[in-house]
Amino acid sequence: MRRTASRNRSPNVYSSKYNTYKTAMNAAKQPPTRGNATVLAKDNAKRDLMAYTRLLARTIGNNMNITDAQRQALGLTIRKTHPTPIPPPSVRPGVDLVGVSMRTVTIHIHDSASNSKRGKPAGVIGAKVYTFIGAEYPSDPTLWNYDGDTTQAKHEITFANSVPSGAQVWICAAWYGRRNGETGPISVPISTNIQGGGASAQQQELKIAA
């Protein structure tokens with residue numbers, strides 16, 4: 001019973017502190033009563049009222065039964081809700097060979113789940129492209145060369161002059177999203193030859209760790 005009565009007196013506590021501050025402020029302003037003692041009393045009453053007001057604001061803000069509209073009507077700050085975390089891409093892109101011109105290979109990166117082969121999956125910004133030079137691509141992802149990022153469907157890769165003419169090259173890609181650039185699974189690598197090699201692409205089963 002005591003606890004209930006104490007809670008019911010909370011509005012009276014605020015009114016009492018507000019009236020104390022109001023009286024002290026008036027006394028500190030009026031020339032007949034203005035002085036060091038009344039100014040000090042006004043400052044102390046103000047600090048006490050502000051501390052209690054903050055306590056009430058926190059109590060109301062943490063009350064799940066209070067709506068944002070009610071908080072706004074009281075002049076309280078409405079807390080921003082945390083957005084739903086965006087996971088990294090969960091699908092691998094499709095990579096197709098467009099053509100080979102001397103040492104430049106053009107590829108088309110697309111949504112592997114779309115029949116139209118256009119666009120990017122939801123939440124995807126672009127793709128990170130990787131290359132490897134050799135007869136067989138490695139299963140160790142650290143042995144691949146990072147070619148760069150692209151936000152376009154078509155991407156050109158120009159190999160250095162040090163790469164032998166007719167060398168077999170491998171290309172793969174991975175989507176990256178809006179969350180710290182996290183990447184998704186690696187695409188199935190495609191292969192072609194530069195400078196005089198065959199331009200037909202072949203795909204093999206993915207060996208790179210997703």
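Please refer to the structure placed before this passage.
Note that the structure is a prediction, hence the values are computed from the model and not measured.

Helix and strand content of the chain: 4 helices and 9 strands. What you see in the chain, going N to C, is helices and strands ordered as α-α-α-α-β-β-β-β-β-β-β-β-β. Across the 210 residues in the chain, those meeting the buried criterion constitute 29%. Here the contacts in the chain between residues at least 6 apart in sequence split such that 59% fall between residues at least 24 apart. Carbon and sulfur atoms make up 52% of the accessible area of the chain, which totals about 13800 Å².

This part is about the sheet that holds strand β2 (residues 104–111). Pairing in this open sheet of 3 strands is antiparallel, and the strands run β1-β2-β5 from one edge to the other. Edge strands, defined here as strands with exactly one partner in the open sheet, are β1 (93–101) and β5 (154–158). The mean angle between the axes of side-by-side strands here comes to 25°, regardless of whether they run parallel or antiparallel. As paired elements, β1 and β2 share 8 bridges and run antiparallel to each other. Bridge assignment links D96 to a residue of β2, and that residue is H108.

Looking now at unusual backbone geometry. Not every positive phi belongs to a glycine, and M102 is a case in point at roughly 60°. For M102, the location among the structural elements is in the loop between β1 and β2.

With respect to the helices and strands, the residue T38 is situated in helix α3 (residues 36–61). Those residues within four positions of T38 in sequence are excluded, and the remaining contacts are A24, A27, A28 and T33.

Under the counting rule described, the total for this entry stands at 3 salt bridges. The salt bridge involving D43 is made with K42; its shortest N-O contact spans 3.1 Å. Of the residues examined, D43 reaches a relative accessible area of 27% and is grouped as partly exposed.

As a further point, take the nonpolar core. Counting residues in hydrophobic clusters, the biggest one holds 17 residues, and the most contacted among them are I107, I109, V129, F159 and I171. For this core, the elements supplying multiple residues, two or more each, are β2, β3 (124–133) and β6 (168–177). Broken down by element, the residue count for this core peaks at 4 residues, all from β6. Those residues in contact with I171 that sit more than four places away from it in its chain are V105, I107, V129, Y130, T131, W144, I157, V188, P189 and I190. By size, the runner-up hydrophobic cluster in this structure holds 8 residues, among which are Y130, Y137, C172 and I186.

The next subject is the packing of aromatic side chains. Counted under the stated rule, the structure contains 4 aromatic pairs. Measuring from ring centre to ring centre gives 5.8 Å for Y130 and Y146, while their planes differ by 50°; the resulting arrangement is tilted. Here the residue Y130 occupies a position in strand β3, and Y146 occupies one in strand β4 (residues 145–150), the gap between them amounting to 16 residues. Residue Y146 is classed as partly exposed on the basis of its relative accessible area, which comes to 47%.

Rules behind the numbers
- Residues numbered from 1 in each chain as written.
- Predicted model: local features only at pLDDT ≥ 70, side-chain atom pairs only at ≥ 80, totals over all residues.
- Heavy atoms only, no water.
- Helix = DSSP H or I, 4+ residues; strand = E, 2+ residues; numbered from the N terminus.
- Buried < 20%, exposed > 50% of the residue type's maximum accessible area, 1.4 Å probe, protein only.
- Contact = heavy atoms within 4.5 Å.
- Areas by Shrake-Rupley, 256 points an atom, 1.4 Å probe, with all protein chains shown as cover.
- Pairing = 2+ DSSP bridges.
- Axes fitted to C-alpha atoms, helices over the stretch in contact; angles between N-to-C directions.
- Salt bridge = Lys/Arg side-chain N within 4 Å of Asp/Glu carboxyl O.
- Core = buried A, V, L, I, M, F, W, Y, C linked by side-chain atoms within 4.5 Å.
- Phe/Tyr/Trp six-rings, centres within 6.5 Å; stacked < 30°, edge-to-face > 60°.

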